[in-house]
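Understanding the architecture of this molecule
Chain residues, written in single-letter form:
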Amino acid sequence: MQFHHHGYVTTDPRIQPAAGIGLDRPDELPDEMDVLIVGTGPAGMITAAQLAAFPEVHTRIIDRRPHRLEVGQADGIQARSVETFQAFGFAEELSREAYHITEMAFWKPDPERPEHIARAAQPVDDPQGISEFPHLIVNQARILDHFAESMANSPSRMRPDFGVEFLELSVEDSVEFPVAVRVRHTAGPREGEERTVRAKYVLGADGARSQVRTSIGRRLDGDQANHAWGVMDVLARTDFPDIRLKCAIQSDSGGSILLIPREGGHLFRMYVDLGEADQHGDVRSTTLEQIIQQANEILHPYSLDVRHVAWHSVYEVGHRLTDAFDDVEVSGDESGESDDVGTCPRVFIAGDACHTHSAKAGQGMNVSMQDGFNLGWKLGQVLSGTCRPELLRTYSQERQEVAKNLIDFDREWSTLMAMKPEEFEDPSFLEDFYVKTAEFPAGFMTEYRPSMITGAAEHQHLAEGYPIGKRFKSARVVRVCDTNPLHLGHQAEADGRWRIYAFADRPAAGQDSALTRWAQWMVESADSPVRRFTHEDQDLDALFDVKVVYQQRHTEFEVTDAPQIFLPEVGPYRLLQYEKVFGVLEGEDIFDARGISRDGAVVVVRPDQYVAHVLPLTDTAALAAFFEQSMQPPRD
Ligand SMILES: Cc1cc2nc3c(=O)[nH]c(=O)nc-3n(C[C@H](O)[C@H](O)[C@H](O)COP(=O)(O)OP(=O)(O)OC[C@H]3O[C@@H](n4cnc5c(N)ncnc54)[C@H](O)[C@@H]3O)c2cc1C
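Conventions and cut-offs
Residues numbered from 1 in each chain as written. Predicted model: local features only at pLDDT ≥ 70, side-chain atom pairs only at ≥ 80, totals over all residues. Heavy atoms only, no water. Core = buried A, V, L, I, M, F, W, Y, C linked by side-chain atoms within 4.5 Å. Buried < 20%, exposed > 50% of the residue type's maximum accessible area, 1.4 Å probe, protein only. Contact = heavy atoms within 4.5 Å. Helix = DSSP H or I, 4+ residues; strand = E, 2+ residues; numbered from the N terminus. Pairing = 2+ DSSP bridges. Axes fitted to C-alpha atoms, helices over the stretch in contact; angles between N-to-C directions. Near = heavy atom within 4 Å. Polar contact = N/O pair within 3.5 Å; in protein donor to acceptor, adjacent residues only side chain to side chain. Areas by Shrake-Rupley, 256 points an atom, 1.4 Å probe, with all protein chains shown as cover. Nonpolar A, V, L, I, M, F, W, Y, C, P; charged D, E, K, R; others polar. Domains from an automatic or database assignment. Buried area = accessible area lost by both parts, 1.4 Å probe. Salt bridge = Lys/Arg side-chain N within 4 Å of Asp/Glu carboxyl O. Patch = residues over 30% accessible without salt bridge, like charges linked within 9 Å, V, L, I, M, F, W, Y side chains within 5 Å. Lys, Arg positive; Asp, Glu negative; His and termini not counted. Charge placed at Lys NZ, Arg CZ, Asp CG, Glu CD.

**A look at the nonpolar core**
In this structure, Trp518 and Phe566 are the most contacted members of the largest nonpolar core, which totals 117 residues. When residues no more than four places from it in sequence are discounted, the contact partners of Phe566 are Ala502, Leu515, Trp518, Ala519, Val546, Lys547, Val548, Gln577, Lys580 and Val581.

Here it is in structure tokens:
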């Protein structure tokens, strides 16, 4: 985090100087705004937090609830989400309060005494070291709180507008605010009042029963029946020894429990499988007492004495998906390229509004947040004039496919979890599947296809460890200016900027090399994306955060040997930015760790942390052409 560059800061440096709409943000929901987000769940809040980094864009986020979420809903945080929170600045704080999953236990009927359960396996949670981030459990409400804090501290000073319900919308092109939205105030001084507000774009992040989805004529298709779980967050005394471990428990009677220990050392959640809701209508009326009784039967010979119930519900969900995540008819054009602005979307849906799946793979909240992270920067860049509106088509193209893959995986996982032990040919099939497919539930299987923002793999061999389309996997380097060993990926904040990592060829800083010629082109050429798309009033790194990693150790050169593009002037005092120059860490050379060519490479990373392109240092024309597809020069 950088501060003091606008002058000395005496208070919490996370509170950034107000700018744009943050200087005079209306308290009340205004009649007109750039973006209206419906729903303060994980999908809506991350989109709002990302848009808060664009203070020139006026974003509002409404919810019909009169206040923040307090209890219930999801709690599993995959490593990819923690990586995302790191970019929003609250991963460490959240990790401190969360439960950390390191192993998972599988309990099954004891082969000697099948009426008793016994521990059958206990694999580690991340055997392949997929991520340096942990797998956490914490209540959804706390995550939403952190996003709320992040947006309140942003230059936009954004806060949710609670107590406003979405009713319906219509789109009328060729006016400045094309989406007319009918809302009703459900709390506060205007309670009961209905009004129409207008926005340039609307996001429906309003959950599985989304009215925004209905308004744009999309439907969730999929399973006929919902699967139901009795869910309870409880404090209890028990002699079950793994009560503080994540467990999948199957009893001989076919009953099953997913046990999730929760933050704070005492609370835990149990999902008791209740079967198909629509086949046994009475499942919906299962009482808390029945859930507790069933849990005790499955846990036999152990018992559960519940002393306090924080939340319980019968959570029903099926595998369902919409055919697109926006209001544009699906076309055959997968590239996202077209000059026809008329077919660019105005209304989007995200999260449970467009995909639902079982709680067993713990994906709902995580995937919903990645939807919002994908859309937020695109809306921000289009509305601030940096990118063309066609960029917005890539949201549905990219995220619909991810959701489809997730549903296929989740269906397989749920079916396996529901099978009786004797139905498996190989008794360790379930735990082997869990370990083998760990990358999926950890959130790292997403791989975007080539498009206007994802390049082709022609030069992938220059950086094998950064597959184009997958998220940028961090590795450790040394920051030259202060000799700090740190994770390169963790230096990327969720500020809506592109990252361009220049991995140097062999010569050290200060010597003539392919890197110095590339760096000179970046600063001087009229074709360089930095020159072409950054407004002359903006800092050189306002849109592109360009960093360099040399093959040498930090002791072998001076930070000031690095070319100007890596030492841009910033802020009102035109100070040099020293924190973009890195050397390799002894014994952990990033060039080896990520298969980067010793002839150097350019790795382009999107604002949502996905690798967009890999290019040689010598192919500046390809770099220029890549950004030309989505970006546009500033208008005066
Ligand atoms: C009651 C409930 C229990 C759940 N339990 C579990 C669980 O046990 N395990 C699990 O993994 N997942 C659970 N989930 C699902 C999980 O919480 C979601 O997958 C995740 O929250 C998806 O995030 P989202 O932002 O898409 O939607 P949500 O978190 O559902 O957020 C939608 C928001 O939109 C608001 N809203 C809805 N309609 C309107 C409207 N017309 N106008 C204004 N605001 C509106 C809602 O008040 C809500 O705040 C549960 C969901 C619900 C609703």
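Read on, since the account is not over.
**A short note on the environment of Ile61**
Relative to the elements of secondary structure, Ile61 occurs in strand E2 (residues 59-63). Through-space distance from the C-alpha of Ile61 to that of Ser253 is 47 Å; in sequence the pair is 192 residues apart. Leaving out residues up to four positions away in the same chain, Ile61 has contacts with Ile37, Gly39, Thr40, Gly44, Met45, Ala48, Arg159, Pro160 and Asp161.

**Here's the deal with the sheet that holds strand E16 (residues 268-276)**
Strand order in the open sheet formed by seven strands is E6-E5-E14-E15-E16-E13-E17, with mixed pairing between adjacent strands. Of all strands in the sheet, those bounded by a partner on one side alone are strand E6 (117-121) and strand E17 (304-317). With direction set aside, neighbouring strand axes in the sheet form an average angle of 25°. In this sheet, E16 lies alongside strand E15 (residues 256-261) in antiparallel orientation, the contact comprising five bridges. Bridge pairing links Leu258 to Tyr271 in E16.

**Description of helix H1 (residues 42-51)**
With 10 of 10 residues buried, H1 lies mostly within the body of the structure. Within H1 the residues assigned to the buried category are Pro42, Ala43, Gly44, Met45, Ile46, Thr47, Ala48, Ala49, Gln50 and Leu51.

**Here's the deal with the site of the ligand**
Lining the immediate surroundings of the ligand are 31 residues, of which Asp63, Arg65, Phe166, Tyr271 and Asp352 lie closest. Between the ligand and Phe166, the relevant distance is 2.9 Å, taken from a nitrogen atom to a main-chain nitrogen or oxygen of the residue. Here an oxygen atom of the ligand sits 2.8 Å away from a polar atom, N or O, in the main chain of Asp352. Contact with the protein chains removes 86% of the 960 Å² of surface that the ligand exposes when unbound. If you list the elements that add at least two residues to the shell around the ligand, you get H1, strand E9 (164-171), E16, E17 and helix H7 (364-383). The residue makeup of the shell around the ligand, split by class, is 14 nonpolar, 10 polar and seven charged. Summarising the domain contributions, the shell around the ligand has at least three residues from each of domain 1 (20-88 + 139-221 + 320-436) and domain 2 (99-133 + 225-317).

**Examining the domain arrangement of the protein chain**
Here the domain parsing of the protein chain yields domain 1 (20-88 + 139-221 + 320-436), domain 2 (99-133 + 225-317) and domain 3 (460-628). Measuring from the centre of the C-alpha atoms in domain 2 to the corresponding centre in domain 3 gives 47 Å. Facing the five residues of domain 2 at the interface are five residues of domain 3. For the domain 2 and domain 3 pair, buried surface summed over both sides reaches about 300 Å², with 37% attributable to carbon and sulfur atoms. Considering only the side of domain 2, the residues that lose the most area to domain 3 are Ile130, Glu132 and Phe133, jointly responsible for 88% of the buried surface there. Here domain 2 and domain 3 share zero salt bridges between them.

**Digging into a negative patch on the surface**
A cluster of like negative charges, contributed by Glu115, Asp252, Glu422 and Glu423, occupies part of the molecular surface. Among the secondary structure elements, Asp252 is positioned in the loop between strand E14 (246-250) and E15.

**Observations concerning the pairing of E15**
Within E15, six of the six residues are buried, which leaves the element mostly enclosed by the surrounding structure. Burial along E15 is two-sided: Ser256, Leu258 and Ile260 and Ile257, Leu259 and Pro261, pointing in opposite directions, are all buried. Pairing of E14 with E15 involves four bridges; the strand directions are antiparallel. Residue pairing across strands places Ile249 opposite Ile257, the latter belonging to E15. The hairpin formed by E15 and E16 contains six residues between the paired strands, and Gly264 there has a positive phi angle of roughly 95°.

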